[in-house]
Amino acid sequence: MTDVLIIIASTRSVRVGGAVGRWVEARVAASAGLEARIVDLRELDLPMMDEPKHPRLKDYTRQTTWQWSATVEAADAIVLVMPEYNHSFTAPLKNAIDYLHGEWAGKPIGMVSYGGISAGSRAVVALQPVLVNLGARLLPANVELAWVAESIVDGEFVATDRQDRAIAAMLAALAALAG
Ligand SMILES: Cc1cc2nc3c(=O)[nH]c(=O)nc-3n(C[C@H](O)[C@H](O)[C@H](O)COP(=O)(O)O)c2cc1C
């Protein structure tokens, strides 16, 4: 089984990130050979970066950092569920990334981005160099959801066939990358 960690990068109390995350979780669970695990950055509630040593030394002082480190380390692959804020990715996501270092190295990562007309694509492009710098292995094709709020019905994300096909293709590529 390939353990896929789904990271929800929006922490707002009113957000669509939870609904998109549940859709991704269901698609992962429906994929043969993949197992889903969700980490909600809202629940993880990391303080703003406050480790005295550079994370590459992996000499953390906080229990929460060790837990976060173990969670990322245990994943065979990662899917980031991420909105676009001001043409970029969210501050909580950057904070969560900055806490760790070697844990990201070699990790296969796919992104499910969402937003308005840009579908979060600018957030994806902004995040790519950050993850490349950490040695993560990124998929060439991600899933980008435009005008996401229009697809929320009774609190759940209702995907189109095209979107279901897009995530199936992305998860297949992610599984292949994870080996
Ligand atoms: C602070 C903020 C900035 C935003 N900036 C953008 C943006 O630059 N481009 C875009 O397409 N949507 C933008 N949006 C719209 C969000 O992508 C949309 O509200 C989305 O639902 C946010 O995800 P969330 O509800 O999971 O937090 C912005 C929303 C917020 C709250």
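First, a word on scope: everything that follows refers to the structure included in this document. Remember, it's a predicted structure, so these values are computed and weren't measured experimentally.

Another aspect to go through is the overall build of the chain. When its secondary structure is counted, the chain shows 6 helices and 8 strands. The linear arrangement of helices and strands in the chain, starting from the amino end, is β-α-β-α-α-β-α-β-α-β-β-β-β-α. Relative to the 2.2 N^0.38 estimate, which gives 16 Å for 179 residues, the radius of gyration of the chain is 15 Å and therefore close to what a compact globule would have. Taking the intrachain contacts of the chain between residues at least 6 apart in sequence as the baseline, contacts between residues at least 24 apart amount to 81%. Accessible area for the chain stands at about 8,600 Å²; split by element, carbon and sulfur atoms hold 53% of it. Averaging the coordinates of the 16 positive side-chain charges in the chain and doing the same for the 20 negative ones gives two points 4 Å apart.

Looking now at the side chain of Thr65. Within the secondary structure, Thr65 is located in helix H3 (residues 63-74). The residues contacting Thr65, other than those within four sequence positions of it, are Glu51, Tyr60, Tyr99 and Leu100.

Ser10, Arg12, Tyr85, Tyr114 and Gly116 are the nearest of the 15 residues found near the ligand. Contacts to the ligand include Ser10, whose side-chain N or O atom sits 2.8 Å from an oxygen atom. Contact distances for the ligand include 2.9 Å between an oxygen atom and a backbone N or O atom of His87. Here the ligand loses 72% of its free accessible area of 610 Å² to cover by the protein chains.

Reading guide: rules and limits
Residues numbered from 1 in each chain as written. Predicted model: local features only at pLDDT ≥ 70, side-chain atom pairs only at ≥ 80, totals over all residues. Heavy atoms only, no water. Helix = DSSP H or I, 4+ residues; strand = E, 2+ residues; numbered from the N terminus. Rg over C-alpha atoms; globule rule 2.2 N^0.38 Å. Contact = heavy atoms within 4.5 Å. Areas by Shrake-Rupley, 256 points an atom, 1.4 Å probe, with all protein chains shown as cover. Lys, Arg positive; Asp, Glu negative; His and termini not counted. Charge placed at Lys NZ, Arg CZ, Asp CG, Glu CD. Near = heavy atom within 4 Å. Polar contact = N/O pair within 3.5 Å; in protein donor to acceptor, adjacent residues only side chain to side chain.

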